[in-house]
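What the coordinates show
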Amino acid sequence: MSNLIKQRNPIAWLLDPVEPTADQADASYRFDWSPTAWLLPIGLGTAALVVSAVGWATEAQQFFFSYLVGWIFCVSLALGGLFFVLIQHLTQARWSVVVRRIPEALIWSFPVLAILGIPLLFGLHDLYHWTHADLFDPASPSYDAVIAAKESYLNIPFFLGRAAFYFLLWSTISYKLYTLSIRQDVDGDPQIPALQRKTSAWGLVLVSITTAFSGFDFLMSLDPHWFSTIFGVYFFAGSFMSIMAFTALVAMILQKAGMLQGTVTTEHYQDLGKFLFGFVVFWAYIAFSQYMLIWYANMPEETLFYRHRLENGWETYSAVLLIAHFLIPFIVLISRSAKRFIPVLGFMCVWMLVMHWFDFFWLAMPVLHEHPSFHLLDLSTAVGLFGIVSGTVLYRLSRHSLVPEKDPNLGKSLAFTNS
Amino acid sequence: MLKQLIADIKASMSIYDSEKDESYGLLAEFPDPGALYHAAHGVREGGYRRYDTYSPFPIHGMDKAMGMGNSKVGFLTLGGGVFGFALAYWMQWWTGQVDYPINISGKPFFSIEPSIPIMFELTVFFAALATVVGMLALNGLPRPYNPLFYSNSFKRVTDDAFFILISSSDRKFDAEKTGSFLTELGATSIEEIHDHGSADA
């Protein structure tokens, strides 16, 4: 790779695979917080994870479920970022160039997320009922014919192989897109947009399929009797919604600190808001499609999933999900002026990120708890993992230009208006 | 009062009332889209409110130059959507629960789950219908008769000519002053339009 120095230290490579290029960036696109600002979220995150580790020792099963929810929240956020970058390149989007560096910095989280996923390997038996060998043994009293029939898919070696494949694929595509974009900052090679588009073409197909299957594997298989083919789309809908909230929020924070002045404008925020609104609705559409078909068919093995979530107090949580993940953001974000008013949009971005986490909580926790309960570990693991991921994002942002400044469409993005 | 209101609403659709002497307004021709754009802004700055611009193709930013603000069509869309939503809910309840209750696999006669797709569809349908019909209405379309059709030069508006019409019902309108004002703004020719009140002139 020309004009771009690869990072040699393997630990630093995980955080950012290339040496900093910020000193060559245009002054108005430079990160001007302290270069060690990223250590703050990382420190907070690590502290929260150390506290959570106490939970691992005392309440292992609760710890693993909480950790899974926090981890899958970060994975889905990074997947949303990957989808966003892929789609912007494929469609040669102009409006989004000024905000694209934020998801680009996020997608190199996959290697770190793979490492952060390692603790879950110690909890496979606590998390995934189907990992118990006796379920597959016809002689055993706990033999389960339904799960045994799924043995060719639901077995530990294949599960781990799939997980490794997902992260390898996501990391490879992210590496290509991230380093191509950084290299463009340095040498402005006119070939780069075509290379990004080429990677995105095959990348989008594979990322779509693996996203759906990772949803099946990490979340749906928590309840191995249950299945829903639309679940992969449900997982995607939430991911793509959350990246809009994340991107807008990071841009707002950077602007609040005096960066990106006059670069990211109300027009870009309105577009991110439109996407956020659109995918709030899309999420609800998919969630309802799943619910209505199961309600209509009324098959015991399918209704079980909703049964758990509509009794013993979980019905309140389901109602909160419907109201706070759909109705409230729908009503607030539908108006043009709300999407153009930064305090309202910013509040809704935080709101939707919290609801996105709550969505995973609602998916996973009824498997563990018959009656709803909120544990401190839910908070500490989520804060810990999100802190580490956002710290590494900040680290990458601080080392490079905040905008893909030599993208041929940057001028059009800067001049973009909604009228 | 009511007459005034109706005239204002019609004017917002660029349908202007002609004066008693059949005077409809002044039609000024401009050489190119840029000149039209600046002239439209100038007419607005000059205090005129009842005027419209005509060009063979849409000119980007013209709505802003004319100071038109956001379209009101969104409110009609909302109204149509709410109406469709309510209609579908009522229809599902009335047909299922009241008019023709049938027991289908033990399900309730009326329940919200299977009604939501219908409510969604009719919301979208009536919202879209209200948008299209509302857009046409707000633009005063279709409009088979327009006094501007008496003008020979106006025939080129679908080809290569750019016009501004200032209605004689505008409060600031004065045939002489308005004419010289338009010339100052760069009009190449100015024509008085009379409304003879019938399509066959």
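Residues numbered from 1 in each chain as written. Chains lettered and ligands numbered in written order. Predicted model: local features only at pLDDT ≥ 70, side-chain atom pairs only at ≥ 80, totals over all residues. Heavy atoms only, no water.

Of the regular secondary structure elements, chain B holds 6 helices and 4 strands. Mapped in sequence order, the helices and strands of chain B form the string α-β-α-β-α-α-α-β-α-β. Computed over C-alpha atoms, the radius of gyration of chain B comes to 24 Å, more than 25% over the 17 Å expected from 2.2 N^0.38 for 201 residues, which places it beyond the range of a compact globule. Taken over the C-alpha atoms alone, chain B extends approximately 80 × 35 × 30 Å along its principal axes. Counting all 201 residues of chain B, 37% fall into the buried class. Put simply, of all contacts in chain B between residues at least 6 apart along the chain, 80% involve residues at least 24 apart. Accessible area for chain B stands at about 12,200 Å²; split by element, carbon and sulfur atoms hold 63% of it. On chain B, the mean spot of the 15 positive side-chain charges and the mean spot of the 23 negative ones are 6 Å from each other. (Helix = DSSP H or I, 4+ residues; strand = E, 2+ residues; numbered from the N terminus. Rg over C-alpha atoms; globule rule 2.2 N^0.38 Å. Buried < 20%, exposed > 50% of the residue type's maximum accessible area, 1.4 Å probe, protein only. Contact = heavy atoms within 4.5 Å. Areas by Shrake-Rupley, 256 points an atom, 1.4 Å probe, with all protein chains shown as cover. Lys, Arg positive; Asp, Glu negative; His and termini not counted. Charge placed at Lys NZ, Arg CZ, Asp CG, Glu CD.)

The next subject is the environment of A:Gly411. Structurally, A:Gly411 is set in helix α18 (residues 410-414). Considering only alpha carbons, one finds A:Gly411 and A:Val98, 313 residues apart in sequence, at a separation of 9.3 Å.

Core analysis: the biggest nonpolar cluster contains 131 residues, and A:Trp71, A:Leu82, A:Leu113, A:Leu116, A:Tyr128, A:Trp170 and A:Phe218 have the highest contact counts within it. Ranked by size, the runner-up nonpolar core spans 21 residues in total, among them B:Phe30, B:Leu36, B:Met66 and B:Phe173. (Core = buried A, V, L, I, M, F, W, Y, C linked by side-chain atoms within 4.5 Å.)

Residue and element names in this part refer to chain A. For the pair helix α3 (residues 60-90) and helix α10 (residues 192-218), interaxial distance at closest approach is 9 Å and the crossing angle is 155°. Here α10 runs roughly antiparallel to α3, going by the angle between their axes. For α3 against α10, the interelement crossing comes out left-handed. Of α10, the residues touching α3 (which contributes Leu68, Trp71, Ile72, Leu79, Leu82, Phe83, Leu86, Ile87, His89 and Leu90) are Gln196, Arg197, Ser200, Ala201, Gly203, Leu204, Val207, Ser208, Thr211, Ser214 and Phe218. Of the residues belonging to the contact of α3 with α10, the class tally is 13 nonpolar, 7 polar and 1 charged. (Axes fitted to C-alpha atoms, helices over the stretch in contact; angles between N-to-C directions. Parallel < 35°, antiparallel > 145°, perpendicular 65-115°, else oblique. Left-handed = near helix turned anticlockwise from the far one by under 90°. Nonpolar A, V, L, I, M, F, W, Y, C, P; charged D, E, K, R; others polar.)

Below, the discussion takes up the interface of chain A and chain B. How big an interface is tends to be expressed through the accessible area that disappears when the partners come together. On the chain B side, the residues contacting the 9 residues of chain A number 11 residues. Both sides of the chain A and chain B interface together cover about 870 Å² of buried area, and 68% of this is carbon and sulfur. At the junction of chain A and chain B, the tally comes to 0 salt bridges. Inspection of the chain A/chain B interface yields 2 residue pairs in polar contact (both at pLDDT 80 or more). The dominant element in the side of chain A that touches chain B, judged by the number of residues it contributes, is helix α12 (residues 266-297) of chain A, at 6 residues. Among the residues making up the side of chain A that touches chain B, the classes are represented as 6 nonpolar, 2 polar and 1 charged. (Buried area = accessible area lost by both parts, 1.4 Å probe. Salt bridge = Lys/Arg side-chain N within 4 Å of Asp/Glu carboxyl O. Polar contact = N/O pair within 3.5 Å; in protein donor to acceptor, adjacent residues only side chain to side chain.)

All names here are of chain B. As summarised here, the arrangement of the 4 strands in space is β2-β3-β1-β4, forming an open sheet in which the pairing is antiparallel. The open sheet has two edge strands with one neighbour each: β2 (51-54) and β4 (189-194). For this sheet, the mean angle separating the axes of adjacent strands, direction not counted, is 20°. Sheet topology places strand β1 (residues 23-30) next to strand β3 (residues 162-167); 6 bridges connect them, and they run antiparallel. Its bridge partner lying in β3, glutamate 29 is registered against phenylalanine 163. Helix α2 (residues 33-45) rests against β1, β2 and β3 of the sheet, and its axis sits at about 15° to β3. Contacts between helix α6 (residues 175-184) and the sheet are confined to β1, β3 and β4, with β1 contributing the most and set at about 15° to the helix. (Pairing = 2+ DSSP bridges.)

Right, let's talk about the domain arrangement of chain B for a bit. You can read the domains of chain B as domain 1 (2-70 + 144-200) and domain 2 (73-138). The straight-line distance from the C-alpha centre of domain 1 of chain B to that of domain 2 of chain B is 42 Å. (Domains from an automatic or database assignment.)

Further remarks concern unusual backbone geometry. Note the cis peptide between B:Leu141 and B:Pro142, where omega equals -5°. With respect to the helices, strands and loops of the structure, B:Pro142 is situated in the loop between α5 (112-138) and β3. Non-glycine residue A:Asn298 carries a positive phi angle of around 60°. The phi torsion at B:Ser105 lies on the positive side, around 40°, for a residue other than glycine.

Once that is clear, we can look at the pairing of β3(B). Residue and element names in this part refer to chain B. Most of β3 is tucked away, with 6 of its 6 residues classed as buried. The alternating pattern of β3 places Phe162, Ile164 and Ile166 and Phe163, Leu165 and Ser167 on opposite faces, both of which are buried. Pairing geometry for β2 and β3, over 4 bridges, is antiparallel. Counterpart to tyrosine 54 in the pairing with β3 is phenylalanine 163.

With that settled, consider helix α4 (residues 73-99) of chain B. All names here are of chain B. The end-to-end C-alpha distance of α4, which contains 27 residues, comes to 36 Å, matching closely the 39 Å that a straight helix rising 1.5 Å per residue would cover. For α4, the complete set of buried residues consists of Val73, Gly80, Gly81, Gly84, Ala88, Gln92 and Gly96. Buried positions along α4 lie against α5. (Expected span 1.5 Å × (residues − 1).)

With the rule as written, the count across this model stands at 68 aromatic pairs over all chains. Judged by centre distance (6.1 Å) and plane angle (40°), the ring pair of A:Phe275 and A:Phe279 falls under tilted. One end of the pair, A:Phe275, and the other, A:Phe279, are both in helix α12, 4 residues apart, so they sit about a helical turn from each other. By relative accessible area, A:Phe279 is classed as buried at 17%. Between the aromatic rings of A:Trp295 and A:Tyr296, the centroid separation amounts to 5.4 Å while the plane-to-plane angle is 80°, which identifies the pairing as edge-to-face. The ring centre of B:Tyr48 lies 5.4 Å from the NZ or CZ of B:Lys172, which sits over that ring. (Phe/Tyr/Trp six-rings, centres within 6.5 Å; stacked < 30°, edge-to-face > 60°. Lys NZ or Arg CZ within 6 Å of the ring centre and 35° of its normal.)

Time to look at the side chain of A:Ser181. Residue and element names in this part refer to chain A. Relative to the helices and strands, serine 181 resides in helix α9 (residues 156-187). Serine 181 gets classed as buried once you look at its relative accessible area, which sits at 1%. Once you skip the residues sitting within four places of it in the chain, serine 181 turns out to touch Arg100, Arg101, Glu104, Gln196 and Pro404.

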